[in-house]
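# Residue-level structural notes
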Amino acid sequence: QVQLVESGGGLVQAGGSLRLSCAASGSIVRINAMAWYRQTPGKQRDLVARIGSGDSTIYADSAKGRFTISRDNAENTVHLQMRSLKPEDTAVYYCNAHVTSYFRTIDTNDYWGQGTQVTVSS
């Protein structure tokens, strides 16, 4: 069993910055890729940024140059530093992780956090 908890969302003016964090807990054997997605009402959940176990990164075009994803393996956390925020960045941001865990059996699953709201005002 693995849980992901996001934090750091809030209200910010356009051009401002926010730093999102996601902490994984549970019977974790290893965390492979971690990622941030976002979703607005009536829209699909879209990838914002992804970081692999070897720290390779992938960014959505809208995030390139403004957002930075990083991870702290010792703390089982992933962060998303968001700069130069725009109103169109407003969304619920979800943490995602591919995790191998042990709870009675070894298992590898895709886990999601509950989301954190980011609102960027113009």
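Scope of this entry: the structure provided in the associated data block.

## Quick word on unusual backbone geometry
- Phi is positive for asparagine 76, close to 55°, though the residue is something other than glycine.
- Note that asparagine 76 resides in the loop between strand 7 (67-72) and strand 8 (77-82).
- Exposure remark for asparagine 76: the relative accessible area of 26% places this residue in the partly exposed category.

## Quick word on the pattern of salt bridges
- Evaluation of the coordinates by the stated rule reveals 3 salt bridges.
- Across the pair aspartate 89 and arginine 38 runs a salt bridge whose closest N-O atoms are separated by 3.0 Å. With aspartate 89 in the loop between strand 8 and strand 9 (91-103) and arginine 38 in strand 4 (residues 28-39), this pair connects stretches of sequence that are 51 residues apart. With respect to burial, aspartate 89 and arginine 38 carry one shared label: buried.

## Focus: the sheet that holds strand 8
- Strand order in the open sheet made by the 4 strands is 1-3-8-7, with antiparallel pairing throughout. Two strands close off the open sheet at either side, each with one partner strand: strand 1 (2-7) and strand 7. Taken over all neighbouring pairs, the strand axes of this sheet differ in orientation by 15° on average, direction set aside.
- Here strand 3 (residues 18-26) runs beside strand 8; their pairing, made up of 6 bridges, is antiparallel. The residue of strand 8 that forms the bridge with leucine 18 is methionine 82.

## Considerations on the pairing of strand 9
- Direction of pairing for strand 4 relative to strand 9: antiparallel, over a ladder of 9 bridges. Following the sheet pairing, isoleucine 28 is matched in strand 9 by serine 101.
- When strand 9 meets strand 11 (residues 116-121), the two strands line up antiparallel, connected through 3 bridges. When the sheet's bridge partners are listed, alanine 91 is paired in strand 11 with valine 118.
- Sheet analysis places strand 9 next to strand 10 (residues 105-112), joined by 8 bridges and oriented antiparallel. Pairing of phenylalanine 103 across the sheet is with threonine 105, part of strand 10.
- If you look at the hairpin formed by strand 9 and strand 10, you'll find 1 residue sitting between the two strands, and arginine 104 has a positive phi there, around 75°.

Basis of the calculations
Residues numbered from 1 in each chain as written. Predicted model: local features only at pLDDT ≥ 70, side-chain atom pairs only at ≥ 80, totals over all residues. Heavy atoms only, no water. Helix = DSSP H or I, 4+ residues; strand = E, 2+ residues; numbered from the N terminus. Buried < 20%, exposed > 50% of the residue type's maximum accessible area, 1.4 Å probe, protein only. Salt bridge = Lys/Arg side-chain N within 4 Å of Asp/Glu carboxyl O. Pairing = 2+ DSSP bridges. Axes fitted to C-alpha atoms, helices over the stretch in contact; angles between N-to-C directions.

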